[in-house]
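The primary structure of each chain is shown beneath.
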Amino acid sequence: DTEVTQTPKHLVMGMTNKKSLKCEQHMGHRAMYWYKQKAKKPPELMFVYSYEKLSINESVPSRFSPECPNSSLLNLHLHALQPEDSALYLCASSLGHGTGELFFGEGSRLTVL
Amino acid sequence: AQRVTQPEKLLSVFKGAPVELKCNYSYSGSPELFWYVQYSRQRLQLLLRHISRESIKGFTADLNKGETSFHLKKPFAQEEDSAMYYCALSPFGNEKLTFGTGTRLTIIP
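Considerations on the overall build of chain B
Regarding its fold elements, chain B presents 0 helices and 11 strands. The C-alpha radius of gyration of chain B comes to 13 Å, within 12% of the 13 Å expected for a compact globule of 109 residues. Dimensions along the principal axes, computed over C-alpha positions, put chain B at roughly 40 × 30 × 25 Å. Per-residue burial over chain B gives 46% buried out of 109 residues. Restricting the contact set of chain B to residue pairs at least 6 apart, pairs at least 24 apart contribute 58%. Approximately 5,600 Å² of chain B is accessible, and the part contributed by carbon and sulfur atoms is 50%.

The structure is reproduced here in structure tokens:
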């Protein structure tokens, strides 16, 4: 399996809801990433987990809560989001040790009403 | 702070003509530079990285530390090269990968 799989592909939620985005890879990669991409903009880094520990948090609001249960899984828990958080959320993985070669999922498109 | 600049949002080139997508960066340490590509309805994927010094799909890119540039070039454009191209930078040995604003390349038949 050489893919990063993200679920759900689409998610619509209200501002009071709690939901989660999930990401999975079975390539033995030890670094996993969350990026946020607004329309016609580049991906913006949110979080990086390296060897299952949070190594980078780009000052993301606490309404986004990442979790890395094991080396293959990455979650993004969402709570009390705002409409401006509507975006495509991309998960990626890499070997680790700062290789910089990321493998991306197709993304989860989030709409906050 | 690390920063990547791609001055052209849109670039149209005739099939068979040379292509050059510009990328400039600012970073005080040792950077790793990459080009990522996103074809229509496909996921973002790595095209090439400067340390590999390879040619992928006819594309090459040379890191010019003096001019802090990493321009992407191809001598003869093909229709299948139409895509969104992102230049990206990470500090050497670090997972923080920062993307430029991207250039949408359209090859005119």
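Here the narrative resumes, following the displayed structure.
Observations concerning the sheet that holds strand E3 (residues 18-25) of chain A
Residue and element names in this part refer to chain A. The sheet built from 4 strands is open, its strands ordered E1-E3-E8-E7 with antiparallel pairing. Since the sheet does not close on itself, it has two edges, and those belong to strand E1 (4-7) and strand E7 (64-70), each with one partner. Along the sheet, successive strands turn relative to each other by an average axial angle of 20°, direction set aside. Across 5 bridges, E7 lies against strand E8 (residues 73-79) in antiparallel orientation. Within the sheet, the bridge partner assigned to Glu67 lies in E8 and is Asn75.

Side note on the nonpolar core
Among the nonpolar cores identified, the biggest contains 24 residues, and Trp35(B), Leu72(B) and Tyr85(B) are the most heavily contacted of them. Contributions of two or more residues to this core are made by strand E2 (10-14), strand E3 (19-21), strand E5 (31-38), strand E6 (45-49), strand E9 (83-91) and strand E11 (103-108) of chain B. A per-element tally of this core places E9(B) first, with 4 residues. When sequence neighbours within four positions are dropped, the list of residues in contact with Tyr85(B) reads Gln6(B), Leu21(B), Trp35(B), Tyr36(B), Val37(B), Tyr39(B), Leu47(B), Phe59(B), Leu72(B), Gly102(B), Thr103(B) and Leu105(B). Leu74(A), Leu78(A), Leu81(A) and Leu110(A) belong to the second-largest nonpolar core, a separate cluster that totals 22 residues.

Analysis parameters
In every chain, residue numbers begin from 1 and rise along the written sequence. Following the order in which they are written, the chains are lettered starting with A and the ligands numbered starting with 1. Under the rules for a predicted model, residues below a pLDDT of 70 receive no local features and side-chain atom pairs below 80 are neither given nor counted, while totals for whole chains, interfaces and linings still include all residues. No hydrogens and no water enter the side-chain calculation; it runs on all heavy atoms of the structure. Strands are runs of DSSP state E lasting at least 2 residues, helices are runs of H or I lasting at least 4, and numbering of each runs from the N terminus. C-alpha atoms define the radius of gyration, and 2.2 Å times the number of residues to the power 0.38 defines the globule rule. Accessible area is worked out with a 1.4 Å probe on protein chains only. A residue is then buried under 20% of its type maximum, exposed over 50%, and partly exposed in between. Any two residues whose heavy atoms approach within 4.5 Å at even a single point are treated as in contact. Each accessible area is a Shrake-Rupley result for a 1.4 Å probe, and residues are judged covered by the shown protein chains and nothing else. In this description, strands pair whenever DSSP reports at least two bridges between them. Fitted lines through C-alpha atoms serve as axes, helices being fitted only where they are in contact, and the angles separating the N-to-C directions of these axes extend from 0 to 180 degrees. Each nonpolar core is a collection of buried residues, namely Ala, Val, Leu, Ile, Met, Phe, Trp, Tyr and Cys, held together in the definition by side-chain atoms within 4.5 Å.

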